[in-house]
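A look at the structure
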Amino acid sequence: MKLILLGAPGAGKGTQAEILCKELKIPTISTGNILRAAIKAGTEIGKQVEAYMNAGKLVPDDVIISIIQDRVKADDCKNGYILDGVPRTIAQAEALEKVGIEFDNVISIEISDETIMDRMSGRRVCETCGASYHLVAVPPKVAGVCDKCGGKLIQRHDDEPETVKERLEVYHRETEPLKDFYKKRGLLKTVENQPTVAETSEVILRAIGR
Ligand code: AMP
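Rules and cut-offs
- Throughout, a residue's number is its position along its own chain's written sequence, starting from 1.
- Selection of residues for local features in this predicted model requires a pLDDT of at least 70, selection of side-chain atom pairs for listing and counting requires 80 or more, and totals for whole chains, interfaces and linings are taken over all residues.
- Just so you know, side-chain values use all the structure's heavy atoms and leave hydrogens and water out.
- Secondary structure elements follow DSSP: runs of H or I of four or more residues count as helices, runs of E of two or more count as strands, with numbering from the N terminus.
- Relative accessibility decides the category of a residue: with a 1.4 Å probe and only protein chains considered, values under 20% of the type maximum give buried, values over 50% give exposed, and everything between is partly exposed.
- For this analysis, residues touch if any pair of their heavy atoms sits within 4.5 Å.
- Shrake-Rupley sampling with a 1.4 Å probe provides the accessible areas, and residues are treated as covered by the protein chains on show and by no other component.
- Under the counting rule used here, the positive set is Lys and Arg, the negative set is Asp and Glu, and His together with the chain ends is not counted.
- Where a charge lies is defined by one atom per residue type, namely NZ (Lys), CZ (Arg), CG (Asp) and CD (Glu).
- Whenever a helix is involved, its axis is fitted only over the stretch in contact; in every case the axis is a line through C-alpha atoms, and angles between N-to-C directions fall within 0 to 180 degrees.
- Handedness of a crossing is defined here by the sense of rotation of the near helix relative to the far one, left-handed for an anticlockwise turn of less than a right angle and right-handed for a clockwise turn.
- Think of it as three bins: nonpolar holds Ala, Val, Leu, Ile, Met, Phe, Trp, Tyr, Cys and Pro, charged holds Asp, Glu, Lys and Arg, and polar takes everything else, Gly as well.
- One requirement defines pairing of two strands: DSSP has to find at least two bridges between them.
- Being near a molecule or strand, for a residue, means having at least one of its heavy atoms within 4 Å of it.
- Any N or O atom pair separated by 3.5 Å or less is treated as a polar contact, with the protein-specific requirement of one donor-capable and one acceptor-capable atom, and with residues adjacent in sequence counted only for side-chain atom pairs.
- Side-chain rings of Phe, Tyr and Trp (the six-membered ring for Trp) are treated as a pair once their centres are within 6.5 Å; stacked means planes under 30 degrees apart, edge-to-face means over 60, and tilted covers the remaining angles.
- Definition used: whenever NZ (Lys) or CZ (Arg) falls within 6 Å of the ring centre and also within 35 degrees of the ring normal, the charge is taken to sit over that ring.

1. With respect to the overall build of the protein
The secondary structure content of the protein amounts to nine helices and eight strands. Across its three principal directions, the C-alpha atoms of the protein cover 45 × 40 × 35 Å. The proportion of buried residues among the 210 residues of the protein is 45%. The contacts of the protein with a sequence gap of at least 6 include a subset with a gap of at least 24, amounting to 70%. Accessible area for the protein stands at about 10,700 Å²; split by element, carbon and sulfur atoms hold 51% of it. The distance from the centre of the 30 positive side-chain charges to the centre of the 32 negative ones in the protein is 4 Å.

2. A short note on the packing of helix H4 (residues 61-71) against helix H5 (residues 90-98)
The geometry of H4 relative to H5 is characterised by a closest axis approach of 10 Å and an angle of 35° between their N-to-C directions. Every pair of crossing elements has a handedness; the one defined by H4 and H5 is right-handed. In this structure, H4 uses Asp61, Ile64, Ile65 and Ile68 to contact H5, whose residues at the interface are Ala91, Gln92, Ala95 and Leu96. Grouping the constituent residues of the contact of H4 with H5 by class yields six nonpolar, one polar and one charged.

3. Structural notes on the sheet that holds strand E7 (residues 153-154)
Each strand in a sheet pairs with its neighbour through backbone hydrogen bonds, running either in the same direction (parallel) or in the opposite one (antiparallel). Ordered by their spatial adjacency, three strands build an open sheet running E6-E5-E7, and the pairing between neighbours is antiparallel. Two strands lie at the open edges of the sheet, namely strand E6 (132-134) and E7, each paired on one side alone. Where strand E5 (residues 123-126) meets E6, three bridges bridge the pair, whose relative direction is antiparallel. Bridge pairing in E6 places arginine 124 opposite tyrosine 133.

4. Overview of the site of the ligand
As a matter of local geometry, the ligand sits amid 16 residues, with Thr31, Arg36, Lys57, Gln92 and Arg167 nearest to it. In this structure, a nitrogen atom belonging to the ligand sits 3.0 Å away from a main-chain N or O atom of valine 59. Arginine 167 places a side-chain nitrogen or oxygen 2.9 Å from an oxygen atom of the ligand. Ranked by the residues each element gives to the shell around the ligand, the list is headed by helix H2 (residues 31-41), at four residues. The residue makeup of the shell around the ligand, split by class, is six nonpolar, four polar and six charged.

5. Describing the pairing of E5
Hairpin connection from E5 to E6: five residues lie between these consecutive antiparallel strands, with glycine 130 at a positive phi of about 85°. The sheet contact formed by E5 and E7 spans two bridges and is antiparallel. Counterpart to valine 125 in the pairing with E7 is isoleucine 154.

6. Regarding unusual backbone geometry
Cis rather than trans, the peptide bond between valine 86 and proline 87 has omega equal to 0°. With respect to the helices and strands, proline 87 occurs in the loop between strand E3 (81-84) and H5. A positive phi angle is found at lysine 25, which is not glycine, with a value near 55°. Structurally, lysine 25 can be placed in the loop between helix H1 (13-24) and strand E2 (28-30). Owing to a relative accessible area of 70%, lysine 25 belongs among the exposed residues under this scheme.

7. Comments concerning H4
For H4, the complete set of buried residues consists of Val63, Ile64, Ile65, Ile67 and Ile68. Contacts from the buried residues of H4 go to E2, H2, helix H3 (44-54), E3 and H5.

8. A few points about the packing of aromatic side chains
All told, the structure shown has one aromatic pair when counted by the stated rule. For the pair phenylalanine 181 and tyrosine 182, a centre-to-centre distance of 5.0 Å together with 80° between the ring planes defines the contact as edge-to-face. You'll find phenylalanine 181 and tyrosine 182 in the same group, each marked buried. For arginine 185, the ring lying beneath its charged end belongs to phenylalanine 181, and the centroid distance is 3.7 Å.

This is the structure:
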C-alpha cells in the first residue's frame, strides 16, 4: 500500500499517519519531520532549508525529491509507505512519477481554514521524535513530555499565526492543485475532517477499503 496524505497544514496528516502506519504496518515518510531533524542535527541540508521553513515557504523541489528517492529505497519500505506532506507541488508530483515512484491511493483531508487557525495554536510536537500532540484534542499523558520517547514537547516556529496564514496561502496556491492531478489519475479520495481523530481515521480506512 503506497499512500499519499494531502491536506492543509494542521489538517491532521501527521496524527493520522501515525495511526495508519500502525494499522497498515508500513512506515510514514514525513518530509517536514526529516527536514526538522536535519536542522536540529545541523547538517548541510538543514542549513539550506531552515530559512524557508521558518518563513512558512516551501523548500526547493530538488531537495525534497532526493530525500524521498533515498528514503523509499530503505528495507522497511518494501511493503509500502505513507507520504505525509509530500508531494507539495505539481512539479514534485511529476518528478516522483518520472523516477518511478507511484501510489495506490491519495487521501485528501478536507478542513476549513478557520478550523486550522483555531487548531494550530494548540499543536505541540516532540523535538526528539517528531510525534504530534494537541493541548486539547490529543494531549500527552504528562504535560510537555512525549508519550513515545520522553522527549520535550515544543511549539513549532512555523505554527505562529502569521506563519500559519502564509502556509495556508501556499497550500491553496501550490498544493491544492494536486487534488486535480491525482483525480485525473483515478487515485484521489477526499475525506472530511471528523470531530475526533479516531473518526477521521475510520473514514480514511474505509476510503482505502480497509
Ligand atoms: P510540515 O511538517 O509538513 O507542515 O512541513 C513544514 C515545512 O517543511 C513546510 O512549511 C515547508 O517549509 C517544509 N516542507 C515539508 N515538506 C515539504 C515539501 N514536500 N516540499 C517543500 N517544502 C516542504
